[in-house]
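The primary structure of each chain is shown beneath.
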Amino acid sequence: MNRPDRYAVIGHPVAHSKSPDIHARFAAQTKQHLIYERLLAPLDGFVASVQAFAKGGGRGANITVPFKLEAHALATALTERARAAGAVNTLKFDGDTILGDNTDGIGLVADIVKNAGIAIAGKRVLLLGAGGAARGAVLPLLFEHPAELVIANRTRSKADQLALQFAAHHRNIGASDFAALHGPFDIIINATSASLAADMPPISSALFDSGTLAYDMMYGREATVFMRFAMQHGATARDGLGMLVEQAAESFFVWRGVRPDTASVFAELRAKL
Ligand code: ATR
């Protein structure tokens, strides 16, 4: 039998990554002959690590913290969504071409629309944060045609900048600070890193009602502070585990042209949290 195709998640740190587990399940399910490893790149040695991996037969990689911007710079070709995000979480090696893609935003959208069964079209959507995680979400969200997409950030200028990047082609995008927001919103997405510190952005409870989906890109065994706040004010809350699985499935599709079933993998991961 031929040697399996090689893939990896490259980051620093990378030991915590669930990607090898997810992709091993996808490969078994779709009968793809591949192995997927963890690759710890030195903080000052990302490019050399990627080049060595590709030279050694690597076919593609997921890129995680803190290398998504360096991966964007390294790619010799970029998808539209990677260009819009300014960051790359998926590399595909094809001869001399290094294709850079970003599947985070489409993973978020798939989890909301397909898994939660909530349309984004025609909705008022609030995106909290204007860092890397938020940036990756904007174009895939706009492609769903929300009635309005408001980006709110602690540092207002970053929200303005991000909205401006898309304003020429999308009239339904705007920026705000937290205090000036008017609710309720149909969908509120927490793309800040506040949950990591068991914190949440200082937003009013009036932004939520019983029809609101409060989505936190973070996930864990327990609900985040943001999710608990949303539920206390009548909203439905969802964490980012589904986004993690869906972004992986999209990367898998970019590499292999096959769409794995995500529901079973999601259930297995949830049970293991
Ligand atoms: P990531 O790649 O996870 O998006 P990042 O690029 O460092 O990380 O961005 C972090 C985001 O979380 C930013 O929007 C940040 O707001 P600022 O731009 O004002 O720094 C936001 N953030 C982090 N901690 C926060 C908190 N406690 N409250 C509100 N926003 C917070």
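Keep in mind that what you see is a predicted model, and the values were worked out from it rather than measured.

## Quick look at the site of the ligand
In the vicinity of the ligand lie 14 residues, with Ala133, Asn153, Arg154, Thr155 and Lys158 positioned nearest. Here Thr155 contributes a side-chain N or O atom positioned 2.5 Å from an oxygen atom of the ligand. Of the residues belonging to the shell around the ligand, the class tally is four nonpolar, seven polar and three charged.

## Focus on the layout of surface pockets
Looking at the second largest pocket, its volume works out to about 160 Å³. Along the walls of the second largest pocket sit Glu80, Arg83, Ala84, Leu139, Phe143, Gln165, Phe166, His169 and His170, which together make up its complete lining. Residue assignment for the lining of the second largest pocket shows that the elements contributing at least two residues are α4 (80–85) and α7 (156–167). Considering every element that reaches the lining of the second largest pocket, the biggest residue donor is α4, with three residues.

## Here's the deal with the packing of aromatic side chains
Taken as a whole and judged by the stated rule, the model has seven aromatic pairs. Ring centres of Phe53 and Phe93 lie 6.4 Å apart, and the angle between their planes is 70 degrees; on these two criteria the pair is classed as edge-to-face. Of this pair, Phe53 sits in helix α2 (residues 46–55) while Phe93 is found in strand β5 (residues 90–94), placing the two residues 40 residues apart along the sequence. A relative accessible area of 3% places Phe53 in the buried class. One aromatic cluster in this structure is built from Tyr7, Tyr36 and Trp255. Geometry around Phe185 places Arg124 over its ring, the cationic atom sitting 4.1 Å from the centre. Directly above the ring of Phe253 sits Arg259, whose terminal nitrogen or CZ lies 3.8 Å from the centroid.

## Notes on the packing of helix α5 (residues 104–115) against helix α9 (residues 241–256)
To describe two helices that pack against each other, one gives the angle between their axes and the distance between the axes. Packing of α5 against α9 leaves a shortest axis separation of 7 Å and a crossing angle of 120 degrees. Pair α5 / α9 crosses with right-handed handedness. For the pair α5 and α9, contact is made by Asp104, Ile106, Gly107, Leu108, Ala110, Asp111, Lys114 and Asn115 and by Gly242, Met243, Glu246, Gln247 and Glu250, respectively.

## Focus: the environment of Met243
The residue Met243 is located in helix α9 in this model. On a C-alpha basis, the gap between Met243 and Arg25 in space is 16 Å, while along the polypeptide they are 218 residues apart. Leave out the neighbours within four places in its chain, and Met243 touches Asp104, Gly107, Leu108, Asp111, Tyr215 and Met217.

## Some points on the domain arrangement of the protein chain
Taken as a whole, the protein chain is organised into domain 1 (5–102) and domain 2 (105–241). On a C-alpha basis, the centroid separation for the pair domain 1 and domain 2 is 27 Å. Every contact between the two is made by eight residues of domain 1 and, on the other side, nine residues of domain 2. Summed over both partners, the interface of domain 1 with domain 2 comes to about 660 Å²; 57% of that surface belongs to carbon and sulfur atoms. The largest contributions to the domain 1 side of the interface with domain 2 come from Arg81, Ala84 and Ala85, which together make up 56% of the buried area. Linking domain 1 with domain 2 are zero salt bridges, by the criterion used here. Examining the composition of the side of domain 1 that touches domain 2, we find that four residues originate from one element, α4, more than from any other. Residue composition of the side of domain 1 that touches domain 2, grouped by class: three nonpolar, two polar and three charged.

## Quick word on the sheet that holds strand β6 (residues 97–101)
Here six strands make up an open sheet; going across it, the order is β2-β1-β3-β5-β6-β4 and the pairing mixed. Of all the strands in the sheet, just β2 (34–40) and β4 (77–78) have a single pairing partner and so form its edges. In the sheet, strand β1 (residues 5–11) pairs with β2 via seven bridges, with the strands oriented parallel. Within β2, the residue paired with Ile10 across the bridge is Leu39. Each of β1, β2, β3 (58–63) and β5 is contacted by α2, which is oriented at about 170 degrees to β1, the strand it contacts most.

Rules behind the numbers
Residues numbered from 1 in each chain as written. Predicted model: local features only at pLDDT ≥ 70, side-chain atom pairs only at ≥ 80, totals over all residues. Heavy atoms only, no water. Near = heavy atom within 4 Å. Polar contact = N/O pair within 3.5 Å; in protein donor to acceptor, adjacent residues only side chain to side chain. Nonpolar A, V, L, I, M, F, W, Y, C, P; charged D, E, K, R; others polar. 1 Å grid on protein atoms, 1.4 Å probe; cavity = no way out; pocket = protein on both sides within 12 Å on 5 of 7 lines; lining within 4 Å. Points joined across faces, edges and corners; volume = space filled by probe spheres on them. Helix = DSSP H or I, 4+ residues; strand = E, 2+ residues; numbered from the N terminus. Phe/Tyr/Trp six-rings, centres within 6.5 Å; stacked < 30°, edge-to-face > 60°. Buried < 20%, exposed > 50% of the residue type's maximum accessible area, 1.4 Å probe, protein only. Lys NZ or Arg CZ within 6 Å of the ring centre and 35° of its normal. Axes fitted to C-alpha atoms, helices over the stretch in contact; angles between N-to-C directions. Left-handed = near helix turned anticlockwise from the far one by under 90°. Contact = heavy atoms within 4.5 Å. Domains from an automatic or database assignment. Buried area = accessible area lost by both parts, 1.4 Å probe. Salt bridge = Lys/Arg side-chain N within 4 Å of Asp/Glu carboxyl O. Pairing = 2+ DSSP bridges.

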